[in-house]
Each structure stands twice: as structure tokens, then as C-alpha cells.
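What follows is each chain in one-letter form.
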Amino acid sequence: MNICMLTWEYPPRIVGGIARHCFGLTRALARRGHSVHVVTLDFPGAPQHEESEGVKIYRAPVELGHPNFIVWVLIFNHFLEKRVAMLSRDFKFDIIHTHDWLVAPVGIASKHYLNAPLVSTVHSIEAGRARGIHSPDSRLIDGIEWWMTYESKRIIAVSNSAKREIEEHFRLPWHKIDVIPNAVDASKYNISVDRESVKRRFGIAPHEKLVLFIGRLAPQKGVEYLIRAAPQIIRVNPDARIVIVGDGWLKDHLWNLAVQTGCQHKITFLGFLPDNDLVELTLSSDVLVVPSVYEPFGIVALEGMAAGVPVVASNTGGLSEIIEHDRTGFLVYAENPNSISWGVNRILSDPGYASWLVQNAKRKIYEMYSWDAVADRTIEVYRRALEE
Amino acid sequence: MSINNGGEPISVPEEIYFLCMLHNIGATSPERSLTFEEIARWTMLEPSKVEQNLKTLMDGNYVAISMDSGTKKYFITVDGIRKVLSMYS
């Protein structure tokens, strides 16, 4: 199959889970002999065209700009569309696959002029991310999302809860939506690290228990509730250090919050880290916290489980499907610092229990969340889109 | 601009909103950097506000300067791009 994959983020342009999802999926599709063409946005230092592990990647430069975000999105879609049109002279695409609303216009246009079915993976929706439709921009994005689901032959949701959300919000027939979870490349965690040396590298004392958060510093990720939980974590586990990896517009607000809790000396903000540092830091952690308020999937929880780190996560969205409470991880109430601290303290205070959770979690990861399995299921969706 | 966080709106800091505009108008590399006047024109902000925002963003390593024939030009760093993208994904 000739697959045209459209995404606004692809490594090294990594914003959230979409880049990781597209990276894992495209490589697995290529391993199965499919011809995979990723059309994405440019990024400083990344080549405009490269082939990596069988995946052809085209990074389109955006030669125009506009201060308004939505207008900018429409402009970059135009440049992506030009790139797809150029490629279509050499390749007859069987499937157009888009990821989220940001590339919906190019996906819809390509579907019509290439006469190929459109498949869209919905990683999240505006009504969830913004916790309602509260602004003109949100209404516009919500409308584009509806348009994308209308034009798509098939929709892929990343969890059952995401499927329900999409089905109800856009009034879609349930049989148009397939659920395919995210996955993780567990092999990247099969390395040995010197935990003390890794901790020192990031300014963490070797004896400190590392409570890790990885993600965008945005309200939906719920970092503020982990910070609010810090005093209760530190009271029970004085050696705990909360390490926050990632960047975002909420950073200053979160730092001020850390100061307000009086625990700022126990909270470290590391900013964005490259993947190899992330792997080493995750492997050196004592517990990974995923305190999301809204999380259709939660790929970071899978990464923690694959790395052999006990995971404490909000009982919300896809997280409550990935993690089986008290067996493969620990589910806590979202937006509830008391619940988060209870979960973290339970893990830190009982190494035997933590180790048991990790063993169960690793087994589940290897059985259910491989990119090869995701690729097989995605191909099935493509086939259904071609047949319908 | 604000985002609702469980009923409690949190405003996006002005300099972040300004950083988004720099990103969206394309000042994302030294080759595509813009002068102070060009930035003021695109963003339609008072020069004092532009100066203040640029300073804050340069202090955070989100914006850097390139020199073009003796003229200062401004562009967003990779960290700045990631900061902007974190708003939308």
C-alpha cells in the first residue's frame, strides 16, 4: 500500500504524543513492506527530505506567516498540500491518513483530488483539551474537527473512552470509529544505567527518591495537582524529589505554585529533554506520575510501564484503560492532590509492592502495546476504508 | 487569551502570546529573523511592549538575535518553538 501520512509533528519536531505515535506507527508499517510517506512541517536542523528505516519523510517549509494561529494553520496546510500534490506525480496514494485537526484541511483536500480514502486518527478533541468550547478559536477548531470526522471514511480513536467522546460530541455512527491504542518501543528501555550518575547529572542527590513527571506544561496535564501534593509527599518521604520534565506556557505559573507550597527546594524543573536523556531519567526514577485532567490515551504511562517504573496516574480517559488499579499501576482521583500523594507514598513506602506492580505492568506492555500490533490493526482499518 | 482550568481561568502570559505571534509569522530561524520594526508592524504592539516582550523571551532563551549588515534581527530558538507548540497539541 502507498500511504500518505499527514502530521504537524514528527521527530525531531516533538510536541506531544502525536510525534511519538507517528514515528512508531510509520516504522512498523514500513517493516511490513508498505510504502510510507510522511508529509510534515519543517524544523530547524532537520532535512527537508530523508528516508529513515524505510519511511520517507518530507518536511515542508512554510514560506508565509500570519500572527493569528488559525490563519497560520491554514497557511501551513496549503504548503503541505503543495508537497502532497508534488509527490502525487510520482506515487499513487492508496490511503491518506491524518492526525488531529491541525492537518485536516490538507487531508480533506488530498482525499478529493487524489480520490483516495481519508482515515483520521483523533488523538484528542478541542472540547476535551479546553474543557469545553469557551472561545471563538475553540469553536472554530471544534468545527474543523467535526468536518474532519465527517469527511473521513474511518476514524481511529486511541482508547474506548476517546471513542465514546468522539461519538457523542460529533454525533458519529459508532461503527465508523475503530479503537487502536498507542504503543511503546519497549526495547529502548533495555539498557543498563548507573542511576546514581544519572541523578547527579540532573542535580538530584543519589539518595533521593525520584518522583518523575514528563509532559507538556499545560493545564490538561494536571502538573499543578502534583505540585500541590508535594508537601504531603515530602512529609511522608523526606527524601523524595519531584522532577518535572517538559516545557509549556504554564511554566512560570507552576514555579510560583511550587514556591507557594514551600517545597520549591524539593521540586526540580528540567525543561525539555532529548529522548536519550528521557530514557535514562525514566530508568532512574522511583515512581512516574501522570496526573492528567484530560487524557484520551497517555503514552507516557506506557513508557513508564515499559521502563519498569511504577506508575501513579489519574483515573481518567485512556489512563484508566491502560492501568489496572493495584495490579499494573496505581490509579488516583484526577485533580486531587490528596489522592496523588496517597498513591505516590504507597509506592515509595513499599518497594516490594512497587516491584510487583512493575512486573505485572511489563508483562501487559509486551502482550498488548507493541507498534507491530498497532500497525497490523491500522492496516485492517485501511482495508476497510478501501472496501467500503 | 485565557484557558479554562476547571472553572478557574488561567491567562496565557503576554510574552507567550507574543512568542506565538513571532512563531506564526515565521521568525523561526536566523535566516528568517525579523527586525524590531517588522515585529512591531506584524504584532501591532507599542514599541515599548515589543521591547519588553523580546527582553523577557531572550532572558528565557526562547528568542535570539542574529546580525544582518549591522542590523539586529530576532528569531525564535528551538526551545521557543517547542514552547509555542505546547500550546496547541
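Cut-off values and rules
- Residues numbered from 1 in each chain as written.
- Chains lettered and ligands numbered in written order.
- Predicted model: local features only at pLDDT ≥ 70, side-chain atom pairs only at ≥ 80, totals over all residues.
- Heavy atoms only, no water.
- Contact = heavy atoms within 4.5 Å.
- Buried area = accessible area lost by both parts, 1.4 Å probe.
- Salt bridge = Lys/Arg side-chain N within 4 Å of Asp/Glu carboxyl O.
- Polar contact = N/O pair within 3.5 Å; in protein donor to acceptor, adjacent residues only side chain to side chain.
- Helix = DSSP H or I, 4+ residues; strand = E, 2+ residues; numbered from the N terminus.
- Buried < 20%, exposed > 50% of the residue type's maximum accessible area, 1.4 Å probe, protein only.
- Lys, Arg positive; Asp, Glu negative; His and termini not counted.
- 1 Å grid on protein atoms, 1.4 Å probe; cavity = no way out; pocket = protein on both sides within 12 Å on 5 of 7 lines; lining within 4 Å.
- Points joined across faces, edges and corners; volume = space filled by probe spheres on them.
- Nonpolar A, V, L, I, M, F, W, Y, C, P; charged D, E, K, R; others polar.

## Focus on the interface of chain A and chain B
- Facing 38 residues of chain A, the contacting portion of chain B comprises 27 residues.
- Taken together, both faces of the contact between chain A and chain B bury some 2,800 Å²; the carbon and sulfur share is 59%.
- Area buried by chain A at its contact with chain B is led by A:Pro67, A:Phe69 and A:Trp249, which between them contribute 26% of it.
- Where chain A packs against chain B, one counts 2 salt bridges.
- Of the charged contacts, one joins B:Arg32 and A:Asp42 as a salt bridge, the two residues approaching to 3.9 Å between their closest N and O atoms.
- Linking chain A with chain B are 9 residue pairs in polar contact (both at pLDDT 80 or more), by the criterion used here.
- Those elements that place two or more of their residues in the side of chain A that touches chain B are α2 (69–87), α8 (223–236) and α9 (251–261) of chain A.
- Per-element accounting of the side of chain A that touches chain B gives the leading share, 3 residues, to α9(A).

## Examining the side chain of A:Arg13
Residue and element names in this part refer to chain A.
- Mapped onto the elements, Arg13 comes out in the loop between β1 (2–6) and α1 (17–31).
- No salt bridge is formed by the buried Arg13; the nearest opposite charge belongs to Asp42, separated by 5.3 Å.
- A polar side-chain atom of Arg13 sits 2.7 Å from the main-chain carbonyl oxygen of Trp8.

## A short note on empty space enclosed by the protein
All names here are of chain A.
- Considering all chains together, one arrives at 2 cavities of 30 Å³ or more under this definition.
- One number sums up the size of the largest cavity: a volume of about 80 Å³.
- Contributing to the lining of the largest cavity are Arg20, Lys188, Tyr189, Ile214, Asp275, Leu278, Val279, Thr282, Leu288, Val300, Glu303 and Gly304.
- Contributing elements (two or more residues each) for the lining of the largest cavity: α10 (275–283) and α11 (299–307).
- It is α10 that contributes the most residues to the lining of the largest cavity, 4 residues altogether.
- Broken down by class, the residue content of the lining of the largest cavity amounts to 6 nonpolar, 2 polar and 4 charged.
- If you add up the space inside the second largest cavity, you get close to 30 Å³.

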